[in-house]
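# Inside the fold
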Amino acid sequence: MNVEKQREVLIIDVLNAMRKHWKLMLVFMTVYMLMVVGIAIVLPRKYESTGKLFVRLGRGGVTLDPTATTSETIMIQESRESEINSIIDVLESRRVLESVVAEIGPERILSTKSLFAKLPIPRLSSFIGTSGTDGDDIDYGSLLTTNEAIEKLYDNLAVRTPRKAATISVTVESESPKLSRDIVDVLMSTYLDQHVKARQTNGSYRFFQEQYNAQNEKVQACTQRVADFKNRTGIISIGDSQVALREHQSSIEREIVDAQTRLEAAESRFRRTQELILTLPQNVALETMTGVANQATDLMRDRLYELEIAERNLANRFTDDHPQLIAIRQQLEEARRLMAGEINERTQTKQTLNENVLALQLDGLNAQADVAASQAEVDYLKQQLEGIRDRVQRLNSQAVELAMLERELHESEASQAIYAEKLEEARINQALDNERISNVDIIQPATFQVKYVSPSYLLILIGGIASAFLGAIGIAYFKEIWWGETVRTVVREEPNSLLLQPRPKLSVEESNTLNINSFSTHESLVKR
């Protein structure tokens, strides 16, 4: 038998059963619809409240806690989707639900207007004692009531977010519009508190405050050590002291060179005066009274004296190879030669000490004094130079020690500046957390809807009619199969045809046997 024939047989059986048992179907549908209406009447009405959160790009998503930047950091790109999913997960977390139940009250959440709740059926929490075993003081009945309230709240809670959106909808259903609104309000407010706590690092402000105070004490100690070192050594600035010593040293070195030059000049002048004194006579003729005085000789002699004096003066001022000195000496030699060729007719000569010798002796004494003074000056300047070199060595050693102290001070001040910056960041974060300022805001408070959202009586009616009709058809069909008054027979001559023939009156045992055989025959035909 093909599939079309099988369907034809089934439809025929169903129509035949409906035709014969329409009264039974009507009774069933009536009773079933009465039950549906009764259930619809006793079902409690559910009211819905919705609130919306907006997740903007703010300090919760793009900033770091000050403790996260105290060492090397890496860039972590956290997507907006992961942030929103995290918010949804926290909204549905047990900790948030526990806080909501604790504030609303488990009895208010578990309260219902359903008629079934008014039946004297004890709850599960009544079978559990108020305290546990082993001497603990835990109220297990209260814990069970709280758990039931949390589970009911979780079942009636719906957290959704549109795709590619930054808003989150929080919806709660309950049997009271006021309760739904209160739950949504408390849930969003509790989440904002939890969101702030989850984003903050506990103890960061206290940690940076302690570190800043410790670093401040270290800076003060380093500053005091630097001040004590400068007071002890008398140094204001190493650089300025080094520049001053360098200039002083250069000045003394120049003075030493000048003093040595003067010393050499004084020594040379002294030696030259001694040489000139040896070359000049100690006494000179002052007056000769022999005959007529030779005026030319006297004038020549005066000229000779003038040349000698000029030669001495130039010898004191210039070296032997100086052109003027050479010229004056040539003139002096020529004058002496001429003087030697003159005839002196004087017979009476009046002598006196040579004034040139006396002048040379006086100049030699002055030169000797200059030599002593220049030598003393050179010795004193060299002694000063050695003292400056010692001060330079001490200053270099002190510069190393001061550099170490100042480096420690600078490092301490740099660390203090870092801790001050982190402390300020932690203070700002703590102030923002205290004011509950985050990147999540409530853009729609919980709504108060007086129109119920469930049950839908139209859907219940349509579903009830459909299910009652199908149930009635099923009951009529199975009654026809098991207790029907017709039997299917297969015509041998036409294997593909079915005939419905009246069944003769049989006993109860024969009727049951025939029904079983008929059902088996029908199953075999359907399988074929």
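Higher on the page you've got the structure.
Just so it is clear, the structure is predicted and the values come from calculations on it, not from any experiment.

Attention shifts here to the environment of L15. Tracing the sequence through the fold places L15 in helix α1 (residues 3–20). L15 gets classed as exposed once you look at its relative accessible area, which sits at 52%. Taking the C-alpha atoms as reference points, L15 and I473, 458 residues apart in sequence, are found 9.1 Å from one another.

Let us now look at the nonpolar core. Among the nonpolar cores identified, the biggest contains 31 residues, and L91, V100, I168, I183 and L187 are the most heavily contacted of them. Of all the elements in the fold, those that place two or more residues in this core are β1 (47–55), α4 (80–91), α5 (94–104), α6 (106–110), α7 (140–155), β2 (157–160), β3 (167–174) and α8 (177–199). The greatest single-element share of this core, amounting to eight residues, is contributed by α8. Setting aside residues no more than four positions away along its own chain, I168 makes contact with G51, K52, L53, V55, I84, I87, I88, L91, V159, R160 and T161.

Residues V27, V31 and M35 make up a contiguous nonpolar surface patch of roughly 280 Å² in combined accessible area. With respect to the element layout, V27 can be found in helix α2 (residues 22–42). The exposed category is assigned to V27, whose relative accessible area is 51%.

For any two helices packed against each other, one specifies the crossing angle of their axes together with the interaxial distance. With their axes 10 Å apart at the nearest point, α5 and α7 run at an angle of 110° to one another. Relative to α7, α5 is oriented roughly perpendicular. Between α5 and α7 lies a crossing whose hand is right-handed. Two secondary-structure elements touch here, α5 through R94, L97, E98, V100 and V101 and α7 through T146, N147, A149, I150, L153 and Y154. Residue composition of the contact of α5 with α7, by class: seven nonpolar, two polar and two charged.

Moving on to the environment of A227. With respect to the secondary-structure elements, A227 resides in helix α9 (residues 204–233). Distance from A227 to L405, taken between C-alpha atoms, is 10.0 Å for residues 178 residues apart in sequence.

Ordered by their spatial adjacency, four strands build an open sheet running β2-β3-β1-β6, and the pairing between neighbours is antiparallel. Unpaired on one side and paired on the other, β2 and β6 (440–444) mark the two borders of the sheet. Pairwise comparison of adjacent strand axes, ignoring direction, gives a mean angle of 25° for this sheet. Strand direction decides the pairing type here: β1 and β6, joined by four bridges, are antiparallel. When the bridges of β6 are listed, L53 appears paired with I442. Sheet strands touched by α4: β1, β2, β3 and β6. Its angle to β3, the strand with the most contacts, is close to 20°.

Cut-offs applied
Residue positions within a chain follow its written sequence, with the count starting from 1. Confidence filtering applies because this is a predicted model: local features only for residues at pLDDT of at least 70, side-chain atom pairs given and counted only at 80 or more, and all residues used for totals across whole chains, interfaces and linings. Side-chain measures here rest on the full set of heavy atoms in the structure, leaving out hydrogens and waters. Numbering goes from the N terminus for both helices and strands, where a helix is a DSSP run of H or I of at least four residues and a strand is a run of E of at least two. The buried label applies to any residue whose accessible area, calculated with a 1.4 Å probe on protein chains only, is under 20% of its type's maximum; exposed applies above 50%, and partly exposed to all values in between. Residue types Ala, Val, Leu, Ile, Met, Phe, Trp, Tyr and Cys, when buried and joined through side-chain atoms within 4.5 Å, form a set referred to as a nonpolar core. We call two residues in contact whenever any of their non-hydrogen atoms come within 4.5 Å of each other. Residues enter patches when they are more than 30% accessible in relative terms and free of salt bridges; like-charged ones are connected within 9 Å and nonpolar ones (Val, Leu, Ile, Met, Phe, Trp, Tyr) within 5 Å. Only the protein chains shown count as cover for residues, with accessible areas throughout obtained via the Shrake-Rupley method and a probe of 1.4 Å. The term salt bridge refers to a side-chain nitrogen of Lys or Arg lying within 4 Å of a carboxyl oxygen of Asp or Glu. Interaxial angles span 0 to 180 degrees and are taken between N-to-C directions of axes, which are lines fitted to C-alpha atoms, for helices over the stretch in contact. Note on angle classes: values under 35 degrees are labelled roughly parallel, values over 145 roughly antiparallel, values of 65 to 115 roughly perpendicular, and the remainder oblique. By convention, the crossing between two helices is left-handed when the near helix turns anticlockwise from the far helix through less than a right angle, and right-handed when the turn is clockwise. Residue polarity follows a fixed list, in which Ala, Val, Leu, Ile, Met, Phe, Trp, Tyr, Cys and Pro are nonpolar, Asp, Glu, Lys and Arg are charged, and the others, Gly among them, are polar. Strand pairing is assigned whenever DSSP detects at least two bridges linking the two strands.

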